[in-house]
Amino acid sequence: MSPTPVKAWRCEVCGYIHEGPEPPAECLVCGAPASEFTPCEQPLPPLVPAPAGAVAAPRIVVLGGGIAGVAAAEAARQAAPAAEITLLDGEAELPYWRLNLTRLLDGEIQEDALPLHPAGWYEQQRIRLLPGVTATALAPERHEIACSNGDTVLFDKLVLAVGAQAFLPPWPGVQLAGVQALRTLADTRAVLDQLRPGLRCVCIGGGILGLETAGALAKHGVHVDLLAGDGWLMPRQLTQAGGELLARHVAALGIHLHTGAKVRAIAGTGRATGVQLEDGRELPADIVLVTAGIRANLALATAAGLHTRQGVLVDEWLTTSHPDIYAAGDCAEHQQVVYGLWPVANFQGTLAGLNAAGQRSAFGGLPRSNVLKVLGLHVFSIGDFAAPAAQVLEQQSEGQYLRFAFMEGRLCGAILIGRAGLDAALKGAIEHRRDFSTALPQLPTAAAFAAYLAKHPA
Ligand SMILES: Cc1cc2nc3c(=O)[nH]c(=O)nc-3n(C[C@H](O)[C@H](O)[C@H](O)COP(=O)(O)OP(=O)(O)OC[C@H]3O[C@@H](n4cnc5c(N)ncnc54)[C@H](O)[C@@H]3O)c2cc1C
């Protein structure tokens, strides 16, 4: 019997589902290449109408209209056709593809491509969306939420999907006008409004977001100084060799990279005029963009007595320390990990929504993976690529760097720079603990392993 033909493909970067026998050449939403798509089940089944005369529908409330919150509301609707579902979001926009803000900054997409769904979708799904309404207090025992518009919302089950905010380190001068982060659409508009020829921007942070921001601004002809506090770029995702190869690409884009740069203060009175470094230099700046990591939004949960650490603590069912409250996405901490990643927020949101609607779907953790957008160089990193006891295949050539790490014949981490087409296969191999111990002795180099994987992706 021939295998069932593939009918749908999921983009592993943003979760977009493409229907068809083949993946698209690139993702319509985030621009990821076809190699980022994996076959998936059909998209969620069509909406089941509420049964006539249904009563006592549980009230499911979702706090936060990021991807975790929208995924939770959508999944809850699928699992509980009769439930009353309310989605509160502090931002005044329709919920949007936050991970595409750098593509908006870059000019690759326009604002009309940002909403996750048109306004009518929420009505059609019978999800009561309240944009611009912030939850100001939560009373778990009374099952009550106080809102910024003065209303009180009651729930039977609650999903906390309040996400995270950008971390601004307490440097002197950090509060000056002209210093900002890039977390929201409003932040992005504020930067776009200031763009003009000759603008000088200092981007602080050598991680993915800092790089994407710097790359997007450089495309507009902005003079960009990129400060990376560590010895190389993307230290959490790349080895030194990988980071140095990426640095050469970044320099070729006209970005002025300063590795090992430690910020002492932001200079200026009233408005930022530069960034002072600990080595005594001062880099002039009209705007300073800080991408120094995120902090989960915990105030509401902490004040409500829920258990928190770096995030709101959840178990495998994404339940918090209160049995009727779930948490998902950038605000949630599962087994000491706050992922801070779009696909994980999407997945956790879906599971939390299903569980709030009465199902039992467990979250077992996911390997962290990252793809760099915007810069025109394929950079992919996954899992524990630097595991101390791992067997490593590593290879570098002009414009390309490959690294594969194995523990007892099973892939535990990988880095690809300048080599597309293997991301989904690597993800699958790590998630399914694929055993390469028979093949590995015949694969002496990283290039040989890459060729093998391309031929045998699953
Ligand atoms: C520019 C940019 C690019 C990125 N690119 C990538 C990428 O390429 N790949 C990747 O994996 N990840 C990427 N990320 C990270 C990714 O966007 C996040 O992991 C993801 O958005 C988390 O989703 P979330 O729903 O948990 O939280 P959020 O997106 O933070 O959404 C939370 C929402 O809750 C609302 N909220 C907060 N408090 C309240 C309250 N009290 N009441 C009501 N509403 C509230 C907020 O306003 C917000 O709208 C990127 C992030 C940024 C900023």
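First things first, this report covers the structure right here in the doc. (Residues numbered from 1 in each chain as written. Predicted model: local features only at pLDDT ≥ 70, side-chain atom pairs only at ≥ 80, totals over all residues. Heavy atoms only, no water.)

## A few points about the overall build of the protein chain
A count of helices and strands for the protein chain gives ten helices and 28 strands. Over its C-alpha atoms the protein chain spans a radius of gyration of 23 Å, differing by no more than 12% from the 23 Å that the globule rule assigns to 458 residues. Here the C-alpha coordinates of the protein chain stretch approximately 70 × 65 × 40 Å along the principal axes. Here the protein chain holds 458 residues, and the buried ones make up 52% of them. Across the protein chain, the fraction of contacts at a sequence separation of at least 24, relative to all contacts at a separation of at least 6, is 61%. Here the protein chain displays about 20000 Å² of accessible surface, and carbon together with sulfur accounts for 53% of that area. Of the charged side chains in the protein chain, 33 are positive and 42 negative; the average position of the first set lies 2 Å away from that of the second. (Helix = DSSP H or I, 4+ residues; strand = E, 2+ residues; numbered from the N terminus. Rg over C-alpha atoms; globule rule 2.2 N^0.38 Å. Buried < 20%, exposed > 50% of the residue type's maximum accessible area, 1.4 Å probe, protein only. Contact = heavy atoms within 4.5 Å. Areas by Shrake-Rupley, 256 points an atom, 1.4 Å probe, with all protein chains shown as cover. Lys, Arg positive; Asp, Glu negative; His and termini not counted. Charge placed at Lys NZ, Arg CZ, Asp CG, Glu CD.)

## Things to note about the site of the ligand
Near the ligand you find 32 residues, and of these Glu-91, Arg-98, Arg-183, Asp-330 and Lys-373 are the closest. The separation between an oxygen atom of the ligand and a polar side-chain atom of Glu-91 is 2.8 Å. Within the contact set of the ligand, an oxygen atom lies 3.4 Å away from a backbone nitrogen or oxygen of Ala-164. A total of 990 Å² of accessible area belongs to the ligand in isolation, and the protein chains cover 90% of it. Of all the elements in the fold, those that place two or more residues in the shell around the ligand are α1 (67-79), β5 (84-89), α2 (101-106) and α8 (342-356). Looking at the shell around the ligand, the element that brings in the most residues is α8, giving three residues. Counted by class, the shell around the ligand contains 16 nonpolar, ten polar and six charged residues. Structurally, the shell around the ligand is a two-domain feature, drawing no fewer than three residues from each of domain 2 (59-164 + 295-356) and domain 3 (179-292). (Near = heavy atom within 4 Å. Polar contact = N/O pair within 3.5 Å; in protein donor to acceptor, adjacent residues only side chain to side chain. Nonpolar A, V, L, I, M, F, W, Y, C, P; charged D, E, K, R; others polar. Domains from an automatic or database assignment.)

## Remarks on helix α4 (residues 185-194)
Note that an α-helix has 3.6 residues per turn; residues three or four places apart therefore point the same way. For α4, the set of buried residues is Leu-185, Thr-188 and Val-191. What you see down the axis of α4 is that its buried residues fit within an arc of 125°, all on one side. Buried positions along α4 lie against α2, β12 (179-180), α5 (208-219) and β19 (287-290). (Arc of directions from axis to C-beta.)

## Here we look at the packing of aromatic side chains
Between two aromatic rings, the relevant description is the distance of the centres plus the angle of the planes. As enumerated under the stated definition, the model contains nine aromatic pairs in all. Measuring from centroid to centroid gives 6.0 Å for Phe-347 and Phe-363, while their planes differ by 55°, and the two rings are tilted. Here Phe-347 is found in helix α8, whereas its partner Phe-363 is found in the loop between α8 and β24 (369-371), with 16 residues between them in sequence. Feature note: the residues Phe-404, Phe-406, Phe-436, Phe-449 and Tyr-452 constitute an aromatic cluster, connected by ring pairs. In this structure, Arg-295 packs its charged tip against the face of Phe-167, placed 3.8 Å from the ring centre. (Phe/Tyr/Trp six-rings, centres within 6.5 Å; stacked < 30°, edge-to-face > 60°. Lys NZ or Arg CZ within 6 Å of the ring centre and 35° of its normal.)

## Some remarks on the environment of Ile-85
Relative to the assigned elements, Ile-85 resides in strand β5. Ile-85 sits in the buried class, given a relative accessible area of 3%. Sequence spacing of Ile-85 and His-322 is 237 residues, and the spatial spacing of their C-alpha atoms is 20 Å. Leaving out residues up to four positions away in the same chain, Ile-85 has contacts with Ile-60, Ala-73, Ala-76, Arg-77, Arg-126, Ile-127 and Arg-128.

## Quick word on the sheet that holds strand β1 (residues 8-11)
Across the sheet, which stays open at both edges, the three strands sit in the order β2-β1-β3 with antiparallel pairing between neighbours. Pairing within the sheet leaves two strands with one partner each, and these edge strands are β2 (17-19) and β3 (37-40). Each adjacent strand pair in this sheet contributes to an overall mean axis angle of 35°, direction not counted. Of the pairings in the sheet, the one linking β1 to β2 comprises three bridges and is antiparallel in character. Following the sheet pairing, Arg-10 is matched in β2 by Ile-17. (Pairing = 2+ DSSP bridges. Axes fitted to C-alpha atoms, helices over the stretch in contact; angles between N-to-C directions.)

## As for the state of the cysteines
A full pass over the atoms with the stated rule returns zero disulfides. Free cysteine: Cys-203, not disulfide-bonded; nearest cysteine sulfur from Cys-201 at 3.9 Å. (Disulfide = S-S within 2.5 Å.)

## Observations concerning the nonpolar core
If you look at the biggest cluster of nonpolar residues, it comprises 97 residues, and the most contacted ones within it are Cys-14, Ile-145, Phe-404, Leu-426 and Phe-449. Leu-426 has contacts with Phe-380, Phe-404, Leu-411, Ala-414, Leu-416, Phe-449 and Leu-453, leaving out every residue within four places of it along the chain. Core analysis: the next-biggest nonpolar cluster, separate from the first, contains 34 residues, Leu-182, Leu-238, Leu-377 and Phe-385 among them. (Core = buried A, V, L, I, M, F, W, Y, C linked by side-chain atoms within 4.5 Å.)

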